[in-house]
Amino acid sequence: MAEELLRVEHISKNFAGVTALDDVSFSIDKGESMCLVGENGSGKSTMIKIISGVYTADEGKITINGNQYKKITPLESMHEGIQVIYQDFGLFPNLTVAENISISELLSTGKKLVNWNQVRELAQSGLDKIGVSIPLDAIAGTLSTADRQLIAITKAILADARLIIMDEPTTALTRREIEALFKIIQDLNEQGIAIIFVSHKLNEVRQISQRTVILRNGKKVLDQDAEKLDIKTIEYQMTGREIDTSSIKYSHPAKTSQPLLKVEKLYLANGFFDLSFELYKNEVLGITGLLGSGRTELALSLFGQLPADSGKIIIDGEEVPIRNIFDATSRGLGYVPEDRIREGLFLPHSITDNIAVSIIDTLTTTASFIDSQAKENLAEEWIEKLNVKTPTGDLPAQSLSGGNQQRLVLAKWLAHNPKILILNGPTVGVDVGSKSEIHELIRSLARKGMGILMISDDIPELMQTCNRILLMRRGKIVNEFIREKTSEEELTQELVAIDINNH
Amino acid sequence: MFSKLIKSNEFLVLLIIIVLSIVIGLINPAFFSVATIYDILRASNVYNLMAFGLLLVVILGGVDISFVAITAVASYGTHMAMLKIDYQGGIWLYFLIGIAIGVICGLLNGLLITKFKLPIFDLTLATQTMLYGFSLFFLGATANFDLPEGMVGYYGKYLAVTQDPFIGTTGLHISVLYVLAAGIAIWWLLKYTMIGRGIYAIGGNREVAKRSGFNIDKITMIVFVIMGVLSAIAGVTQSGFQRNFSPTLFIGQNLNVLASVILGGASIHGGKGTVIGTFLGVVLTQLINRALILTGIPVEWQQFVIGVLLIIFIAIPAIREERNRKVGHTTELITEEE
């Protein structure tokens, strides 16, 4: 029988009358990895904050290493070996790897002076423990997301972590990086360190965790060995409803003689080579490939943000030069970026302003002032059409959940009425329920005549939405799949096979 | 190691200083002399003292506006008090009392910022006005030229003297020692103390610094006290140079000092900056100043040239980042090829 590390019993928490957690109990053993799954607002973040001492539970108790706490402070939680790695990784972008890893440890010793040899030795010993090598003198801010995450894990290990809680750890990682991360997590488990994953990504939930706990509306609805779980059950338990993914009806794209968008021998130095493909009306064309395959560069080129060096872009039979974003938007192209927070929205500004911004020049009165009535009408229309969940358009965009923010980015571009819409990772960081709604929205847009280019590495998503799927690898299109004639397994294999062959 | 050096901001500033010196020297050979070096150093010293203090605030992630007013209150205030007791001794007592006033001003800034969680820029904009106002209203409205006897010769207190056919007799002023001491102290503080690392950490990511256990309030207080001390030393030194005490000493110079700090490679967004860079930034500013006089270019151009240089220096990190983003794509592709 494995030794128990943490037990939470009958935890309840209310915020201003809203129940965030309702009588939740679970436990985790030494060296176990567990997945805490739930949609946004299900209470999983609240649970983490209670365990780490940021919040105090209204009811219930926590037992760690046999010590019982009615309420636990952040310091006590840390002393019991609980370390939380948040999505921002808690690093200093301006400092070196060595210093980032060692600094908390040095602070806890209360020393006044810095011994740089000690800083480096400490950092190196930490990196050795998880068996990775990252240059100690590199500046943290210049490293890849995966490396920064490893630094955060190393930091936790150095702090004698017995339980590491990772919040959405795979969000910005490539498939290979995720594999590497999982390998490290297995090693940590073997060393007796327990891990709690907080995640949306259902595939990974199955792959890594020995056990899965699902929260919905603040209640625990499932606590089971991961092996016995299938995706359908997880989805059902998270959302409380069946998500129908099998029977999607397409109106087959009318293969008109003239494609909506035709790309010929498009080339971008360090991006992609010799890309040629067509996109028809009513079609959703998926583009997949690993991070670095050139898929994002392609989207940016079509949208004029990273203009191609040579090749032709033909829209409606007419060759058009796309040198900048204005060229693209004026030709009826819209782009929903991957990083909607940074590139897609003005977070502190109102939902209404965010929707109106891309067509603000058409919303003017005769005196060229902004017609605020027209602006509000437009925003209301799209909030309703896309089912954005907000009491009013006056709230700032940052008050929305991930899924609703993504809808807002869509609304912003749909208001512009594009002929061709490029979507890059349309459901990254969006929970399952909203995900299927966004997919339905994409399909309905295509049915209404739009041509949609959807970039994603989420294979089930591609299978549920696309008519055709192009596979990119090292800047080239290497394969094309027709949805009806392929399967999730085949696509996954093709995508990953490339990876394996290269190593 | 060498390539890292070449890419560093300090190296770039040094390169500009060298190139500029050669150009000036070719136009006016009189420029190549020991006297020029002494002269530029002498003019740089007080600015360096202020810049070192400001560097700390900038790394912390803020911009202090008020330090120039502290130089005035500390030096002029001390002088007015000394006049009352008819002090005739040396400058050391001025330093002592001036520093005490500087510490008080620094504590005032620091306390207001940490207790009321005020933005550094906003608060010091207010304290600058307040301190100059205090200086003018309570201390006196005009510059005072009655130096104590022990201070009369201070402006000519040289460590080494040289005869120059153009400039005449000049030397290496003793205040270069203050700069040396302050520079080494600040460099050591930044590199080898937890407080110094805390200053970088707070500038890099304030939230994480707090979470990691840095005492942000304490570190902020220390930074402003140091800023106050260095401002006071700069104020007394400058007054000794110019042989009068003014209630509006250095008024309007704060942004010039900030310009030198930024030229020296500190980031206005915090988290970045070095003592050597700051020193070079100040020297470059003074060199441009000197160069324009020696080459006969109107003084007004000085501002223009420094402005242009600033644009270039602010643009460089942005351009590098842009290039990194492009190179980033390449590296991803290359790793795929492995």
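Residues numbered from 1 in each chain as written. Chains lettered and ligands numbered in written order. Predicted model: local features only at pLDDT ≥ 70, side-chain atom pairs only at ≥ 80, totals over all residues.

(A) Structural context of the overall build of chain A. Counting secondary structure elements, chain A contains 17 helices and 20 strands. Relative to a compact globule of 503 residues, whose C-alpha radius of gyration would be 23 Å, chain A shows 25 Å and is just as compact. If you line up chain A on its principal axes, its C-alpha atoms span 70 × 50 × 50 Å. Expressed as a percentage of its 503 residues, the buried residues of chain A come to 45%. Residue pairs in contact within chain A that sit at least 24 positions apart in sequence constitute 68% of those at least 6 positions apart. (Helix = DSSP H or I, 4+ residues; strand = E, 2+ residues; numbered from the N terminus. Rg over C-alpha atoms; globule rule 2.2 N^0.38 Å. Buried ≥ 20, exposed ≤ 12 C-beta atoms within 10 Å, placed from the backbone. Contact = placed C-beta atoms within 7 Å.)

(B) Fine view of unusual backbone geometry. The backbone of Asn270(A) shows a phi angle near 65°, a positive value even though the residue is not glycine. Structurally, Asn270(A) can be placed in the loop between β11 (261-268) and β12 (272-279). Phi angles above zero are rare outside glycine, and Lys117(B) is one such case at about 50°. Residue position: Lys117(B) is located in the loop between α5 (92-115) and α6 (120-139).

(C) Here's a closer look at α6(B). All names here are of chain B. For α6, built from 20 residues, the straight-helix expectation of 28 Å at 1.5 Å per residue is met to within 8% by its first-to-last C-alpha distance of 26 Å. For α6, the full list of buried residues reads Ile120, Leu123, Thr124, Thr127, Gln128, Leu131, Tyr132 and Ser135. Viewed end-on, α6 has its buried residues packed into an arc of 160°, placing them on one side of the element. Set apart from the buried face of α6 by more than 90 degrees, the exposed residues are Asp122, Gly133 and Phe137. Buried residues along α6 sit in contact with α3 (34-60), α4 (67-84) and α5. Positive phi appears at Gly140, one or two residues downstream of α6, with a value of about 160°. (Expected span 1.5 Å × (residues − 1). Arc of directions from axis to C-beta.)

(D) Seen up close, the pairing of strand β9 (residues 211-216) of chain A. All names here are of chain A. Within β9, 5 of the 6 residues are buried, which leaves the element mostly enclosed by the surrounding structure. Here strand β3 (residues 33-37) pairs with β9 via 4 bridges, running parallel. By the bridge assignment, Met34 is partnered in β9 with Arg211. Where β9 lies against strand β10 (residues 219-225), 6 bridges are found, and the strand directions are antiparallel. Across the sheet, residue Thr212 finds its bridge partner in β10, namely Gln224. Hairpin connection from β9 to β10: 2 residues lie between these consecutive antiparallel strands, with Asn217 at a positive phi of about 50°. (Pairing = 2+ DSSP bridges.)

(E) Region of interest: the packing of α4(B) against α5(B). Residues and elements named next belong to chain B. For the pair α4 and α5, the least separation of the axes is 9 Å and the interaxial angle reads 135°. Taken together, the axis directions place α4 and α5 in an arrangement best described as oblique. For α4 against α5, the interelement crossing comes out right-handed. Residues Ile70, Val73, Ala74, Ser75, Gly77, Thr78, Ala81 and Met82 of α4 touch α5, and the partners they reach there are Tyr94, Ile97, Gly98, Ile101, Gly102 and Cys105. (Axes fitted to C-alpha atoms, helices over the stretch in contact; angles between N-to-C directions. Parallel < 35°, antiparallel > 145°, perpendicular 65-115°, else oblique. Left-handed = near helix turned anticlockwise from the far one by under 90°.)

(F) Looking closely at the interface of chain A and chain B. Counting from both sides, the interface comprises 25 residues of chain A and, opposite them, 25 residues of chain B. Top contributing element to the side of chain A that touches chain B by residue count: helix α3 (residues 97-109) of chain A, with 6 residues. Each residue belonging to the side of chain A that touches chain B can be placed in one class, and the counts come to 11 nonpolar, 9 polar and 5 charged. (Nonpolar A, V, L, I, M, F, W, Y, C, P; charged D, E, K, R; others polar.)

(G) Local environment of the sheet that holds strand β19 (residues 468-473) of chain A. All names here are of chain A. One open sheet holds the 6 strands; their spatial order is β16-β17-β18-β13-β19-β20, and the pairing between them is mixed. Here the strands that pair on one side only, and so sit at the sheet edges, are β16 (333-336) and β20 (476-482). The mean inter-strand angle of the sheet, taken between neighbouring strand axes irrespective of direction, is 20°. Where strand β13 (residues 284-288) and β19 come together, 4 bridges link them in parallel fashion. Directly across from Ile287, in β19, lies its bridge partner Leu470. The sheet contacts of helix α9 (residues 295-302) involve β13, β16, β17 (420-424), β18 (451-455) and β19, and relative to β17 the element is tilted by about 150°.

(H) The arrangement of α9(A) in detail. Residues and elements named next belong to chain A. Here α9 lies mainly inside the structure; 8 of its 8 residues are buried. Taken together, the buried positions of α9 are Arg295, Thr296, Glu297, Leu298, Ala299, Leu300, Ser301 and Leu302. One or two positions beyond α9, positive phi appears at Gly304, with a value near 80°.

(I) Focus on the environment of Thr170(A). Along the chain, Thr170(A) turns up in the loop between β7 (163-167) and α6 (175-190). The spacing of Thr170(A) and Ser434(A) is 264 residues in sequence and 19 Å in space, taken between C-alpha atoms.

(J) Quick peek at the packing of α4(B) against helix α10 (residues 216-242) of chain B. Residue and element names in this part refer to chain B. Close contact between α4 and α10 brings their axes to 7 Å; oriented N to C, the two are set at 60°. In this view, α4 runs oblique relative to α10, as classed from their interaxial angle. Here α4 and α10 pass one another in a crossing that is right-handed. Each of Phe67, Ile70, Thr71, Ala72, Ala74, Ser75 and Thr78 in α4 lies in contact with α10, whose residues at this interface are Met227, Gly228, Ser231, Ala232, Ala234, Gly235, Val236, Gln238 and Ser239. Looking at side-chain class alone, the contact of α4 with α10 contains 8 nonpolar, 8 polar and no charged residues.

(K) Highlighting the pairing of strand β1 (residues 4-15) of chain A. Residue and element names in this part refer to chain A. Bridge analysis of β1 against strand β2 (residues 18-29) gives 8 bridges, and the strand direction is antiparallel. Pairing of Asn14 across the sheet is with Thr19, part of β2. Examined bridge by bridge, β1 and strand β4 (residues 59-64) share 5 bridges and lie antiparallel to one another. Pairing of Val8 across the sheet is with Ile62, part of β4.

In short, shape yes, function no, at least from these values alone.
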